[in-house]
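The lines below spell out each chain.
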Amino acid sequence: MNEIINRIERLQRHVQKTMVRLDLASKAEQIIKLEAESMAPDFWSDNRKAQSQMQQLNALREEISTWEGLATQLSDLHGLAELLDEEPDEEMQAEVAQSLPPIEEQIEKLQFALMLSGEHDERDAIVSIHAGSGGVDAQDWAEMLLRMYLRWAEQHRFRTEIYDYSEGEEAGLKSTTVEIRGRYAFGYLRSEAGTHRLIRLSPFDAAHRRQTSFAKVEVIPDVESSIEITIRPEDIEVDTYRSTGAGGQHVNKTDSAVRMRHIPSGIVVTCQNERSQIQNREVAMKLLKARLYEIELKKREEETARLKGEHVQADFGTQIRSVTVHPYSIVKDHRTNFEMGDTERYLSGDVDPFIYAYLQDKAGGVASLEE
């Protein structure tokens, strides 16, 4: 019985250390603040902001209840184990031993949240996908990636909204921008930024030859509510046009679509999702602010690296992952060397193994329960 008691105590120490690291007391104060704000009469006047705050509130509640629940479970098991040590009961002892593996597995999964400690990891993600070289196959590949990330988001109960969709000439898409809303959405999806390659027998080639195609994925955090980016009205050119392209219920075919160009940087953003031109302007401005923030952040990082004497290599255009459907089936991440043989499962949204492998590689591995 001593071995079981020691095992429970190791888990208790690990959970307590994690709860301190997560600063649950501070998060409990955030809950009180958000609950008070949600009771305000005008709380739902800004529906988008209100939904975001309620999502944050629910996530905080779930995080605290999960860790406090684990602590309570372990405390109860520890008390029962000590009683069994004094008055042995083989059947009860077996039940206590069997209850530990599920708890250990749950803790291992929760450890991934500890790797998401970047400045914007908790924020929503703005994902852009662009077809690269490979013609129609590349455009089809870009649409396959969009479908994959939408399914991934659905599996995580994240909300999604397609802001822009430029339809391909024969199939697929040329480019698209989608916001994925949920706690740690950016923290997870930042692992996906880069060039993705697909190798398969082309369904668009009459000879059915093998084709290699590329698509670029960009991931930036939604930072509109946390930073001050000054954009002068005279630095912006705005065009309006009729919404077009695929997207089903996501894209409204009205005359309200907005294309916004920031003259000093040359950045162009578009939004055709909302029903009114005013709403599309607001979303386009949010996208523009996020992209300007990304540029400023990269400048600071490059300057810091220069002062340290480090070589900075651009991320864009760098192949990070390959999906091979023919002549064999495999998905391989070239940064972590993690592989998966089931390409169908991967393309159906099972991206987590690659995300976790990337996070582990960046964090140097997950803390052991034995520590």
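This text goes with the structure placed above it.
In what follows, the accompanying structure is described. (Residues numbered from 1 in each chain as written. Predicted model: local features only at pLDDT ≥ 70, side-chain atom pairs only at ≥ 80, totals over all residues. Heavy atoms only, no water.)

This paragraph deals with the pattern of salt bridges. For the structure on display, the rule yields 24 salt bridges. We note a salt bridge from Asp 137 to Arg 200, for which the minimum N-O separation is 3.1 Å. Residue Asp 137 is located in helix H5 (residues 135-155), and its partner Arg 200 is located in strand E4 (residues 194-201); the two are separated by 63 residues in the primary sequence. A relative accessible area of 10% means that Arg 200 is categorised as buried. In this structure, the salt-bridge partner of Glu 192 is Arg 321, at a minimum N-O distance of 2.6 Å. (Salt bridge = Lys/Arg side-chain N within 4 Å of Asp/Glu carboxyl O. Helix = DSSP H or I, 4+ residues; strand = E, 2+ residues; numbered from the N terminus. Buried < 20%, exposed > 50% of the residue type's maximum accessible area, 1.4 Å probe, protein only.)

Here we take up the packing of aromatic side chains. Two aromatic rings, taken as a pair, are described by how far apart their centres are and by the angle between their planes. Going through the model one piece at a time under the given rule, you end up with six aromatic pairs. Ring geometry for Phe 43 against Trp 44: centres 5.2 Å apart, planes inclined by 85°, an arrangement best described as edge-to-face. Given a relative accessible area of 9%, Phe 43 falls into the buried group. Through a chain of ring-to-ring contacts, the aromatic side chains of Trp 152, Phe 158, Tyr 188 and Tyr 356 assemble into a single cluster. (Phe/Tyr/Trp six-rings, centres within 6.5 Å; stacked < 30°, edge-to-face > 60°.)

Two numbers describe a pair of packed helices, the interaxial angle and the distance between the axes. At their nearest, the axes of helix H1 (residues 2-22) and helix H3 (residues 47-86) sit 10 Å apart, and the two run at 155° to each other. One finds that H1 runs roughly antiparallel with respect to H3. When you trace H1 past H3, the crossing you get is left-handed. Residues Asn 2, Ile 5, Ile 8, Glu 9, Leu 11, Gln 12, Val 15, Gln 16, Thr 18, Met 19 and Leu 22 of H1 lie in contact with H3, whose contacting residues are Glu 63, Trp 67, Glu 68, Ala 71, Leu 74, Ser 75, Leu 77, His 78, Ala 81, Glu 82 and Asp 85. Residue composition of the contact of H1 with H3, by class: 11 nonpolar, six polar and five charged. (Axes fitted to C-alpha atoms, helices over the stretch in contact; angles between N-to-C directions. Parallel < 35°, antiparallel > 145°, perpendicular 65-115°, else oblique. Left-handed = near helix turned anticlockwise from the far one by under 90°. Contact = heavy atoms within 4.5 Å. Nonpolar A, V, L, I, M, F, W, Y, C, P; charged D, E, K, R; others polar.)

Our focus in this paragraph is the sheet that holds strand E9 (residues 319-324). What the eight strands build is an open sheet, ordered E2-E3-E1-E5-E4-E9-E10-E11; its pairing is mixed. Where the open sheet ends on each side, the last strands, each with one partner, are strand E2 (159-167) and strand E11 (339-340). Sheet analysis places strand E1 (residues 125-131) next to strand E5 (residues 210-221), joined by seven bridges and oriented antiparallel. Note that in E5 the partner of Val 127 across the bridge is Val 219. Of the strands in this sheet, E2 and strand E3 (173-181) touch H3, which is tilted by about 130° from E2. (Pairing = 2+ DSSP bridges.)

That's the geometry; what it means functionally is another story.
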